[in-house]
Amino acid sequence: THTHTQTQSREHRMSLESLNNDGGEGPELICLLENVQGLVDALTSVRWKKQQDAICEFSEHGMVIMVEEWSCLQARVYFRKELFRTYEYRADVRPRFGVSLGLLVDSLSTFTSSTGTTALELRYPGSDMQLLLKLIDANNTCIYAEIRTRIPDMIPKDYSLEDTVGILPSFAVKSGALKEAIDDLEWPGSSIQITICPEPPSVIFRGEGHGDLQIQFLYNSQADLFIAFQCEHLISFKYKYKFLRATTAHIPSSILKDNRGSKLTIGRGGLLKVQHLVSVRPTLAQQQHMDSNSNLQPGRVSYIEFYVMPEEEDDGGDGS
């Protein structure tokens, strides 16, 4: 039996013939993913508007999906190969392609209700450079999808904080608390100043616009809120609210409930890195497999990273 998933987009067509046709040299990647919902949740977190182009890149380490806007905001979802049941990578050069993020999320979502005991197969490329999805469920029903890809219009900017000398000011808090604070700052809107102070150790969010609002996290008196804190000298930068809000606004409730934590780091020139840890919980079938295989660790984590550039008119910067 074949179950077809229909969609309005011209980019999304169903073709079992294409699915079985790997092209002349065969696919560069074939992998099986059991927790499709985990990937959908992670991708939903970086979906801050309806029309978004994403760039997917596969490597021997796993999969990265990148979204960028105006060189002011970039998001990356890391899905390491350990999160897949099997991950066969055969490419000589890392495959990279563009795809509609909304189409990718919607397509993957059609498979989430069927992956209780079976795994979704991802295969790339198809005969016409498509991303191919296929699942055969317990009732022997085959669901398949073909997603059109394109050559990326641009190469994503390679943001990195690693080359900075010294200890970068950073703090980690419960994800729910960070989202609540940023949501509250919507009232003043416009511009948000983030200040990290070494003494007393604290983080201050201050919004100016329609009004003035300040939210303070005190490390000593709110120890249950913080997961980590490090700061050697006072640092302060301003960020556009709409970009800061994008880092937390679309995190699914399942991730917030899990509350693994969110880490904020400010690098050279005020580049803000926001990293969320996401537990990719094993399905029932995976759990049973883990019970019989002590080498598989149940605590598996995906990473979501956002990079936010500070407002250009701010030239104060380090506050030192």
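Scroll up to find the structure this text is about.
The notes below deal with the structure included here. (Residues numbered from 1 in each chain as written. Predicted model: local features only at pLDDT ≥ 70, side-chain atom pairs only at ≥ 80, totals over all residues. Heavy atoms only, no water.)

Moving on: empty space enclosed by the protein. Scanning the model with the defined rule gives one cavity of 30 Å³ or more in all. Size it by volume and the largest cavity reaches roughly 50 Å³. Taken together, L39, L43, C56, F58, M63, F97, L104, L108, L122, L131 and L133 form the lining of the largest cavity. (1 Å grid on protein atoms, 1.4 Å probe; cavity = no way out; pocket = protein on both sides within 12 Å on 5 of 7 lines; lining within 4 Å. Points joined across faces, edges and corners; volume = space filled by probe spheres on them.)

Turning our attention to the packing of aromatic side chains. The geometry of an aromatic ring pair comes down to the distance between the two centres and the angle between the two planes. Applying the stated criterion to the full structure yields 14 aromatic pairs. Counting every residue linked through ring pairs, the aromatic cluster contains F171, F205, F217, Y219, F226 and F229. (Phe/Tyr/Trp six-rings, centres within 6.5 Å; stacked < 30°, edge-to-face > 60°.)

Glancing now at the sheet that holds strand β6 (residues 73-80). Reading across from one edge, β8-β4-β5-β6-β20-β19-β18-β12-β16 is the order of the nine strands in this open sheet, with antiparallel pairing throughout. One side of each edge strand has no neighbouring strand; the edge strands of this open sheet are β8 (96-100) and β16 (226-230). For this sheet, the mean inter-axis angle between neighbouring strands, taken without regard to orientation, is 15°. Relative to strand β20 (residues 301-308), strand β19 (residues 272-279) runs antiparallel, the two sharing eight bridges. Each residue of the ladder has a partner; that of L272, found in β20, is V308. Sheet contacts for helix α3 (residues 101-109): β4 (53-59), β5 (62-69) and β8; angle to β8, the most-contacted strand, approximately 80°. Across the face of the sheet, helix α4 (residues 175-184) comes into contact with β12 (170-173), β18 (262-266) and β19 while running at roughly 60° to β18. (Pairing = 2+ DSSP bridges. Helix = DSSP H or I, 4+ residues; strand = E, 2+ residues; numbered from the N terminus. Axes fitted to C-alpha atoms, helices over the stretch in contact; angles between N-to-C directions. Contact = heavy atoms within 4.5 Å.)

A few words now on the pattern of salt bridges. Inspection of every chain in the model, using the stated rule, returns 15 salt bridges. K240 is the partner of E311 in a salt bridge, and the nearest nitrogen-oxygen pair spans 3.9 Å. Of this pair, E311 sits in the segment after β20 while K240 sits in strand β17 (residues 235-240); the two residues are 71 residues apart in sequence, bridging distant segments of the chain. When its relative accessible area of 37% is taken as the criterion, K240 is described as partly exposed. (Salt bridge = Lys/Arg side-chain N within 4 Å of Asp/Glu carboxyl O. Buried < 20%, exposed > 50% of the residue type's maximum accessible area, 1.4 Å probe, protein only.)

Moving on, we come to the layout of surface pockets. In this approach, a probe sized like a water molecule rolls over the atoms, and the result shows the empty space that is left. In this structure, the largest pocket encloses a volume near 380 Å³. Lining the largest pocket are 21 residues, and of these D53, A54, E68, D153 and M154 lie nearest its centre. Breaking the lining of the largest pocket down by element, the ones donating at least two residues are β4, β5 and β8. Broken down by class, the residue content of the lining of the largest pocket amounts to 11 nonpolar, four polar and six charged. (Nonpolar A, V, L, I, M, F, W, Y, C, P; charged D, E, K, R; others polar.)

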